[in-house]
There are 2 protein chains.
Amino acid sequence: MHITILGGGGFLGRKLAARLAREGQLDGRRVTALTLFDLNTPVPPAEAPFPIRTLAGDVTDRAALAEAIPPQTEVIFHLAAVVSAAAEADFDLGMKVNLHGTLAVLDTCRTLPKPPRVVFTSSVASFGGGQGAMVPDDGRQVPANSYGAQKAIGELLLQDASRRGFLDAVCIRLPTVMVRPGRPNKAASSFVSAVLREPLLGLPATCPVEEDFAVWICSPRRAVEWFLYAATMDTAPLGLDRGINPPGASVSVAQMLAALPQEARRLVSFVPDTTIQAIVSGWPAAFTAERARRLGFSEQEPLTEVVRAFIEDDLEATRAERATG
Amino acid sequence: MHITILGGGGFLGRKLAARLAREGQLDGRRVTALTLFDLNTPVPPAEAPFPIRTLAGDVTDRAALAEAIPPQTEVIFHLAAVVSAAAEADFDLGMKVNLHGTLAVLDTCRTLPKPPRVVFTSSVASFGGGQGAMVPDDGRQVPANSYGAQKAIGELLLQDASRRGFLDAVCIRLPTVMVRPGRPNKAASSFVSAVLREPLLGLPATCPVEEDFAVWICSPRRAVEWFLYAATMDTAPLGLDRGINPPGASVSVAQMLAALPQEARRLVSFVPDTTIQAIVSGWPAAFTAERARRLGFSEQEPLTEVVRAFIEDDLEATRAERATG
Ligand SMILES: NC(=O)c1ccc[n+]([C@@H]2O[C@H](COP(=O)([O-])OP(=O)(O)OC[C@H]3O[C@@H](n4cnc5c(N)ncnc54)[C@H](O)[C@@H]3O)[C@@H](O)[C@H]2O)c1
Ligand SMILES: NC(=O)c1ccc[n+]([C@@H]2O[C@H](COP(=O)([O-])OP(=O)(O)OC[C@H]3O[C@@H](n4cnc5c(N)ncnc54)[C@H](O)[C@@H]3O)[C@@H](O)[C@H]2O)c1
């Protein structure tokens, strides 16, 4: 089985590549080749039981994509994106990568001899609703930001392309993924990971929202589980509707902090930030996710496990990066 | 007030141009110039109290659009489209005109000194649901055809562009407009107009569905009313959500036939067509349309009036066209 990860150098792309390298197979079939494609040449997993190609290129460049997606490709993970804050800051860049990039993926798929499975990472940012909302499976996407609009458009494109048989898409509307390694950044969601990650590194963190503020989250391990499931699931039961609200978890800041060791918890202070509050208060904090459960998508693990997995998978690397960078 | 109609040579574009020419004003303000833009040079209304430019060009051609939308433009009616059956038959053509055409309109609007009002004609074809459905105002669009997908994408683009202040859009999800002049054609919806139009011309017509089959319709006069209202309404109450399900009417074939004079009614015969039935049975037959009513969109007039208006506005011209063509 030939697999390509577009955006294979990013946070989730690297996690996914590492998992594939560890397993060597997908749903019982051997992985025979993996291509990692990103703006900069992605760093491949250290060891893998199959050859890995790493390519640098732009997802909007059709020639580069043709190289990244050879004719035998059976599964494409389309994770390449300009994320939320960047797409809001630079409309043209967001449109280019998130809209025209997805169009280029669609065009490339049409040249393949067999319609590939495409796993597309959409986002809860395509929904509004706010703290009080419990988004049902047929909830309408009325995005409050350009990134969310571009993701909702990507879903419509891939849905119609699936109906026409150009490809076979599953669009996962990812929750906010935490704990994200790296540094605090300007994204409004930065605090969601920072209030766990920084204290675990022994560093102080500030929380800009109240303790009872709730977020719809998943762990990177869970996101990867969902990607693998979406890559091989039977898509017939999906019918026309290729959009999935996966079973994440609605967690409050208080619950997040309770998952930290006590000495770490004391490193978090509450410093209200009305700008951030104005943005994040529009995010829906919970989804019913009944359809995804019925379709076989697995449940988000408890927060204590999320924290343990971060310590296991990412703490050392994050610490090392901070020390050198 | 400078106004441009893209698709100004089409069925509804011509009706809209004629109405503007008759009124000379929009919401109390004088129309000072009208541009009609279409693939072929549109035929302007016979008389108008303002200058009319007629331009031939492609809506995907940015230079042609810049010409069609001069800097002073305050209102753009974006009606240019490859319609349902054609967009299904030719995916690339539909994408080109319905997606990239709308992107070109968006880009052109960004060059104007003041964000123009854009009235966009979306379609009930962007919804599924079928005969039993009563689509609520927050109903999700899961299109069952490429045209519907492209219209839903157009809405998302214009909605986000409105939020960013590039333009100020109102997207009207038009019902099936009847009575459409012209000849019966291959569109699955062709019969909706044909069962009224053909008998009124003294010609036989066949109906491919049962008598109790219901369609969500509006008249061309009503569509034009909604266009004019959308062109000047206060958009603040719309918030992020620029999509409108206007108050059309759910009518059965039996009700349609009952609106015909008795001698005309006898010209309609029922010849079941399972191919057409399979397509049209997926169309939602009714919408709540509460939000549109609250926002001030006017009510669809009764069917007898729709028939009378067709006789008044279009019967002679349709007859003449048949005689010569
Ligand atoms: N992490 C989250 O919380 C979250 C939540 C919802 C959705 N998502 C989506 O999941 C996917 C992966 O997210 P992530 O957290 O790994 O993000 P990331 O930013 O770490 O990875 C995205 C990758 O795409 C690459 N990319 C950007 N522009 C490109 C271009 N023009 N050509 C090729 N590659 C390009 C980037 O270089 C980056 O490596 C994205 O599509 C994102 O929108 C993530
Ligand atoms: N009539 C209906 O029942 C109905 C229902 C729902 C939505 N709509 C929408 O309302 C609008 C008007 O519908 P109509 O019934 O007048 O359709 P129409 O086909 O009569 O008019 C559309 C016009 O767009 C023009 N056009 C097509 N491609 C173009 C291009 N590349 N550049 C410039 N012009 C181009 C066509 O030449 C045509 O004159 C369309 O956007 C349609 O999708 C119509």
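About the criteria used
- Residues numbered from 1 in each chain as written.
- Chains lettered and ligands numbered in written order.
- Predicted model: local features only at pLDDT ≥ 70, side-chain atom pairs only at ≥ 80, totals over all residues.
- Heavy atoms only, no water.
- UniProt positions renumbered as here; feature names shortened; annotations may be inferred.
- Helix = DSSP H or I, 4+ residues; strand = E, 2+ residues; numbered from the N terminus.
- Pairing = 2+ DSSP bridges.
- Contact = heavy atoms within 4.5 Å.
- Axes fitted to C-alpha atoms, helices over the stretch in contact; angles between N-to-C directions.
- Parallel < 35°, antiparallel > 145°, perpendicular 65-115°, else oblique.
- Left-handed = near helix turned anticlockwise from the far one by under 90°.
- Salt bridge = Lys/Arg side-chain N within 4 Å of Asp/Glu carboxyl O.
- Buried < 20%, exposed > 50% of the residue type's maximum accessible area, 1.4 Å probe, protein only.

**Q** Break down the UniProt feature "domain: NAD-dependent epimerase/dehydratase" (unreviewed entry) in chain A for me, with residues and values.
**A** Cross-referencing UniProt, the feature "domain: NAD-dependent epimerase/dehydratase" (unreviewed entry) maps to residues 3-202 of chain A in the present numbering. In residues 3-202 of chain A, helix accounts for 38% and strand for 22%; the two terminal C-alpha atoms are 39 Å from one another.

**Q** Kindly report on the sheet that holds strand β5 (residues 52-56) of chain B, identifying the contributing residues and their values.
**A** Residue and element names in this part refer to chain B. In spatial order, the strands read β5-β4-β1-β6-β7-β9-β13; together these 7 strands make up an open sheet with parallel pairing. Whereas interior strands pair on both sides, the edge strands pair on one side only; in this sheet they are β5 and β13 (243-244). Inspection of the sheet shows strand β1 (residues 2-6) paired to strand β6 (residues 73-78) by 5 bridges, in the parallel sense. Paired with Leu 6 across the strands is His 78, a residue of β6. The strands touched by helix α4 (residues 91-110) within the sheet are β1, β6 and β7 (117-123), with β6 carrying the most contacts at an inclination of about 175 degrees.

**Q** Please set out the packing of helix α6 (residues 190-200) of chain A against helix α12 (residues 303-324) of chain A residue by residue, giving values where relevant.
**A** All names here are of chain A. Viewed as axis vectors pointing N to C, α6 and α12 meet at an angle of 70 degrees, and their least axial separation amounts to 10 Å. Between α6 and α12, the interaxial angle falls into the category roughly perpendicular. Judged by the sense of rotation from one axis to the other, the crossing of α6 with α12 is right-handed. Along the contact surface, α6 presents Leu 196, Arg 197, Glu 198 and Leu 200, while α12 presents Val 307, Phe 310, Ile 311, Leu 315, Thr 318, Arg 319 and Arg 322.

**Q** Could you give an account of the pattern of salt bridges, with specific residues and numbers?
**A** Tallying each qualifying case throughout the model produces 46 salt bridges over all chains. Salt-bridge contacts for Glu67(A) lead to Arg53(A); the nearest nitrogen and oxygen are separated by 3.9 Å. In this pair, Glu67(A) sits in helix α2 (residues 62-68) while Arg53(A) sits in strand β5 (residues 52-56), placing the two residues 14 residues apart along the sequence. Here Glu67(A) falls in the partly exposed class, since its relative accessible area comes to 45%. Note that Glu155(A) and Arg173(A) form a salt bridge whose closest N and O atoms lie 2.8 Å from each other. Highlighted residues: Glu155(A) in helix α5 (residues 146-163) and Arg173(A) in strand β9 (residues 168-174), separated in sequence by 18 residues. Residue class for Glu155(A) comes out buried when judged on its relative accessible area of 2%. Counted as one network, the salt bridges with shared partners bring together Glu88(A), Asp160(B), Arg163(B) and Arg164(B).

**Q** Which residues make up the pairing of strand β4 (residues 33-38) of chain A, and what values do they have?
**A** Residue and element names in this part refer to chain A. Buried residues dominate β4, accounting for 6 of its 6 residues. Burial along β4 is two-sided: the residues Ala 33, Thr 35 and Phe 37 and Leu 34, Leu 36 and Asp 38 are all buried. Where strand β1 (residues 2-6) lies against β4, 5 bridges are found, and the strand directions are parallel. Within β4, the residue paired with His 2 across the bridge is Ala 33. Relative to β5, β4 runs parallel, the two being bridged by 5 bridges.

**Q** Break down the environment of Gly239(A) for me, citing the residues and quoting the values.
**A** Residues and elements named next belong to chain A. Among the secondary structure elements, Gly 239 is positioned in the loop between α7 (220-232) and β13 (243-244). What makes Gly 239 partly exposed here is its relative accessible area of 38%. Remark: the alpha-carbon pair of Gly 239 and Arg 322, spanning 83 residues in sequence, is separated by 47 Å.

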